[in-house]
Amino acid sequence: MKNGLWTLLRKPYAGEDFFLPDLCSSMAVFTLVVLAELLVLIWVLAVPVAEAFDWLSLAMASLFVQWIVLLSAAMLCRLRGWMQRRALLVALAMCFTVVVGLTLFFTVMADWVLDAGMLGYPELRPGQMLRHGLIALIMTGLLLRYFYLQQQWQRQEQAELKARLQSLQSRIRPHFLFNSLNSIVSLIGSAPIKAENAVLDLADLFRANLSEADGVATWEEELRLCQGYLRIEQYRLGERLRVVWQVEQMPPNTPIPLLTLQPLLENAIVHGLQPSLEGGDIQVDGSWQQGRVELLVSNSCPPLEVSHQGARMALDNIRARLTGLFGPEAKVESWRDGPRFFSKLVYPCKHPSSILQRSH
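Residues numbered from 1 in each chain as written. Predicted model: local features only at pLDDT ≥ 70, side-chain atom pairs only at ≥ 80, totals over all residues. Heavy atoms only, no water.

### Focus: a nonpolar patch on the surface
Line of reasoning, step 1. Nonpolar side chains collect at one region of the surface, where Leu 130, Leu 134, Ile 135, Leu 137, Ile 138, Met 139 and Leu 142 lie side by side and expose about 640 Å² of accessible area between them.
Line of reasoning, step 2. Given a relative accessible area of 54%, Ile 138 falls into the exposed group. (Patch = residues over 30% accessible without salt bridge, like charges linked within 9 Å, V, L, I, M, F, W, Y side chains within 5 Å. Areas by Shrake-Rupley, 256 points an atom, 1.4 Å probe, with all protein chains shown as cover. Salt bridge = Lys/Arg side-chain N within 4 Å of Asp/Glu carboxyl O. Buried < 20%, exposed > 50% of the residue type's maximum accessible area, 1.4 Å probe, protein only.)

In structure tokens:
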């Protein structure tokens, strides 16, 4: 345990999950100011007074502590990149040095300004400096511990989210494979060349699919996968399947969860086109405007619509994946309007080029 701790302290704590958050952000500054003011209030209330509440002491103590907190946050924010490249022990030592150093400096300056009236030289009071230094040391340690626990909690939450998304995606893949293999089997006897081409398409689709570990792709990749899937279905359905693409307004590098559009196309074929002897058409409209991605899939459907559990499961999986990756603003809607069925995906995406990093 001792060697493990020493090894941890000697290594840099690099990466986006650095234990010290970005103290330049407005939320971090607000949190620090509120916590500092609560500390000052407890400090003033702990001092016994014979008369009414000492508002002057509260004001002076607030000014003293807030100066230390804000300047410490500013300095640590500037030093955060430097600390990420150093050993963890050095980063921790720098945090304590900045806070305790500023505390001692303002302790001396406050006595010089308030007591001595800025006359002569600042006087050092070891007892008072020791007291304030210990308070700063303890509070810095508690705050760093809080930041560390918060960072660990966020990492655990991200790991659980990633595992849940992979679980949802793994439910889609066997379903896709099962239907694709059925299409290929139906071609083996009647059209062996088409069956061979379908196998090649399926191999290409799964080669690209399995290379995406985090389940996120670009729109260009998702479109290629879906076109491969539709080619397989086209071999089976022939002229009964007609597809219209209107996705010119969708940037190719727009991030989208892998296999998001494919289940919608599969639902359109299985529940809309396949029950009809004449088949039908599928129309895909996609656009990115003002930081929002909208993807609408519509298909013709038979006069009598029968509810299907598989269709609802696919929509629920897509909704869960979009919400996990893009937040609660992501929406999945489906409805029927006369002879057509509609499925709509909406999720925020401020910058199409901000594709999530994936490991290969």
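### Some thoughts on the nonpolar core
Line of reasoning, step 1. Core analysis: the biggest nonpolar cluster contains 42 residues, and Leu 265 and Ile 282 have the highest contact counts within it.
Line of reasoning, step 2. Element by element, the count of residues in this core is highest for helix α7 (residues 219-237), at 8 residues. (Core = buried A, V, L, I, M, F, W, Y, C linked by side-chain atoms within 4.5 Å. Helix = DSSP H or I, 4+ residues; strand = E, 2+ residues; numbered from the N terminus.)

### Comments concerning the environment of Val 270
Line of reasoning, step 1. Relative to the assigned elements, Val 270 resides in helix α8 (residues 261-273).
Line of reasoning, step 2. Here the alpha-carbon distance between Val 270 and Cys 301, two residues 31 residues apart in the chain, equals 9.9 Å.

### Side note on the state of the cysteines
Line of reasoning, step 1. What the rule picks out here adds up to 1 disulfide.
Line of reasoning, step 2. There is a disulfide in this structure between Cys 24 and Cys 77, and the S-S distance comes to 1.6 Å. Here the disulfide of Cys 24 and Cys 77 is left-handed, its torsion about the S-S bond being about -120°. Taken together, the positions of Cys 24 in the loop between α1 (2-10) and α2 (26-46) and Cys 77 in helix α3 (residues 55-84) put the pair 53 residues apart, joining distant regions of the chain.
Line of reasoning, step 3. Looking at Cys 24, the relative accessible area reads 47%, which means it is partly exposed.
Line of reasoning, step 4. A residue is classified by how much of its surface remains accessible, and Cys 77, at 15% relative accessible area, is buried. (Disulfide = S-S within 2.5 Å.)

### Quick notes on the sheet that holds strand β6 (residues 331-337)
Line of reasoning, step 1. The strand order β2-β4-β5-β7-β6 describes an open sheet built from 5 strands, whose pairing is mixed. Looking at which strands have only one partner, the edges of the open sheet turn out to be β2 (241-249) and β6. When strand polarity is set aside, the average angle formed by the axes of neighbouring strands in this sheet is 10°.
Line of reasoning, step 2. Sheet topology places strand β4 (residues 280-289) next to strand β5 (residues 292-300); 8 bridges connect them, and they run antiparallel. By the bridge assignment, Gln 283 is partnered in β5 with Ser 298.
Line of reasoning, step 3. Its contacts with the sheet place α7 against β2 and β5, and it is angled at close to 165° to β2.
Line of reasoning, step 4. Of the strands in this sheet, β2, β4, β5 and β7 (340-348) are in contact with α8, which crosses β5 at around 15°. (Pairing = 2+ DSSP bridges. Axes fitted to C-alpha atoms, helices over the stretch in contact; angles between N-to-C directions. Contact = heavy atoms within 4.5 Å.)

### Focus on the pairing of β4
Line of reasoning, step 1. Across 7 bridges, β2 lies against β4 in parallel orientation. Counterpart to Gln 249 in the pairing with β4 is Ser 287.
Line of reasoning, step 2. As consecutive antiparallel partners, β4 and β5 are separated by 2 residues, and within that stretch Gln 290 has a phi angle of approximately 50°, a positive value.

Nothing here speaks to function; it is all geometry.
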